[in-house]
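What follows is the residue order along each chain.
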Amino acid sequence: MNSHAYPEVSEDTAQPIRFQRSARAMAAEGADEAMQACYRDEGYLLIEDFMPRDRCDALMAQAAELVEAFDPAENATVFSTTSKSHARDRYFGESGGKIRFFFEEDAFDEAGALRQAKALSINKIGHAMHDLDPVFDAFSRDPGLARLAGEIGLADPLLLQSMYIFKQPRIGGEVVCHQDSTFLTTDPMSVVGFWFALEDATLENGCLWALPGRHKEPIRQRFRRAEGKMVTEVLDPAPWSAEDAVPLEAKKGSLILLHGQLPHLSGPNLSPISRQAYTLHVIDGACRYLEDNWLQRPSDMPLRGF
Ligand code: FE2
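Here the structure is a predicted model, which means the values were calculated and not measured. (Residues numbered from 1 in each chain as written. Predicted model: local features only at pLDDT ≥ 70, side-chain atom pairs only at ≥ 80, totals over all residues. Heavy atoms only, no water.)

Now for the packing of aromatic side chains. Going through the model one piece at a time under the given rule, you end up with 15 aromatic pairs. On the numbers, 5.7 Å between centres and 85° between planes, the contact of F139 with Y278 is edge-to-face. On the criterion of sequence distance, the pair formed by F139 in helix α7 (residues 134-140) and Y278 in strand β15 (residues 277-284) is long-range, its members being 139 residues apart. Of the two residues, F139 and Y278, neither departs from the other in class, the shared state being buried. These aromatic residues form a ring-pair network of at least three members: Y91, F92, F102, F183, F223 and W294. (Phe/Tyr/Trp six-rings, centres within 6.5 Å; stacked < 30°, edge-to-face > 60°. Helix = DSSP H or I, 4+ residues; strand = E, 2+ residues; numbered from the N terminus. Buried < 20%, exposed > 50% of the residue type's maximum accessible area, 1.4 Å probe, protein only.)

In structure tokens form, the structure reads like this:
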């Protein structure tokens, strides 16, 4: 199975290890040994009932407001189907210190008009809502997250990147198997993804899948800057075999931690049900952030912790 194939569900499909703990309980009690062992050995941690449903609803409402306030016409050169790739590269490349909007492929017709409503055409928002938007800031800096980050080994956690992922009904695209450290590399490696299910994520609407235990392998690609462009450097051309992938179906309010080297993917959303998620990527300030990483923050926006 190559990295573009979506795993099939069968009787043999393994099920993930699940934990339950609210953010409030995490802040008070921390992670127990079984949770720490799961993250250490499997490379992921699935915690149900972490964020209260009303806080998920509040984040979704805020994302909807950001989209509502965003006028794609202001960025017509970036989004037009005929636009030069350097305009798109720049819009993306500067987004580490901004709140920017990225559309689904084929969102625009040949004339540059949206094929359907703006709110149903956005693929994601990124990448600094956690520092620039008060609602995202509060969600991202929950004391339960701070404690959990410390207990999985981040000595000096810094919030690097936030993404709001829409996975729109019927058109939400698949995300091929990858390691997040491909995109956000530190020396030594330290990135951890905090993935929040804001709605139920199921096999039908494109939940995450992960390859447990494979976080012990090195990264196979680096996506980085080179001579003013974004390039993908292939370190190991072997495709990921998704045969042992585990579906991480997650109820609304669940938190999934992903080790930066854990290969993971998600399928397309062909269902009529949306699957919105919020992700936060955190690095350890004790590790060196590579100067050719695609995501660079403006010098007047230093990274902050929880
Ligand atoms: Fe990822």
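Next up on the list: the environment of A201. The residue A201 is located in the loop between β8 (192-197) and β9 (208-210) in this model. Each residue touching A201, except ones within four places of it in the same chain, is listed here: W195, C207, E249, A250 and R275. (Contact = heavy atoms within 4.5 Å.)

Tallying each qualifying case throughout the model produces 23 salt bridges. Among the ionic pairs, D236 bridges to R220, the shortest N-O distance being 3.8 Å. In this pair, D236 is assigned in the loop between β11 (229-234) and β12 (246-248) and R220 in the loop between β9 and β10 (221-226), connecting sequence segments 16 residues apart. Note on D236: relative accessible area 31%, which makes it partly exposed. Salt bridges here are not isolated pairs; linked through shared partners, they connect D131, D137, R141, R297 and R304. (Salt bridge = Lys/Arg side-chain N within 4 Å of Asp/Glu carboxyl O.)

As a further point, take the pairing of β10. Two elements, β10 and β11, share six bridges in a ladder whose sense is antiparallel. Paired with R224 across the bridge in β11 is V231. Two successive antiparallel strands, β10 and β11, enclose a turn made up of two residues, where E227 displays a positive phi of approximately 50°. (Pairing = 2+ DSSP bridges.)

Counting residues in hydrophobic clusters, the biggest one holds 80 residues, and the most contacted among them are L148, Y164, F194, F196 and Y278. Counting residues per element, this core draws most heavily on helix α3 (residues 53-69), which supplies six residues. Excluding anything up to four places from it in sequence, F196 contacts F50, M51, F139, L145, S254, L255, Q276, A277 and Y278. (Core = buried A, V, L, I, M, F, W, Y, C linked by side-chain atoms within 4.5 Å.)

To continue, consider unusual backbone geometry. For residues that are not glycine, phi is negative in most cases, and the peptide bond is trans in most cases. In this structure, the amide linkage connecting G126 to the following residue, H127, adopts the cis form with an omega of 5°. Of note, the bond from D187 into P188 is cis; its omega dihedral lies within 30 degrees of zero at -5°. Look at D49: it is not a glycine, yet its phi comes out positive at around 55°. Within the secondary structure, D49 is located in the loop between β2 (44-48) and α3. Even without a glycine there, the phi angle at R170 is positive, about 70°. Take R170: it is sitting in the loop between β5 (157-165) and β6 (175-178).

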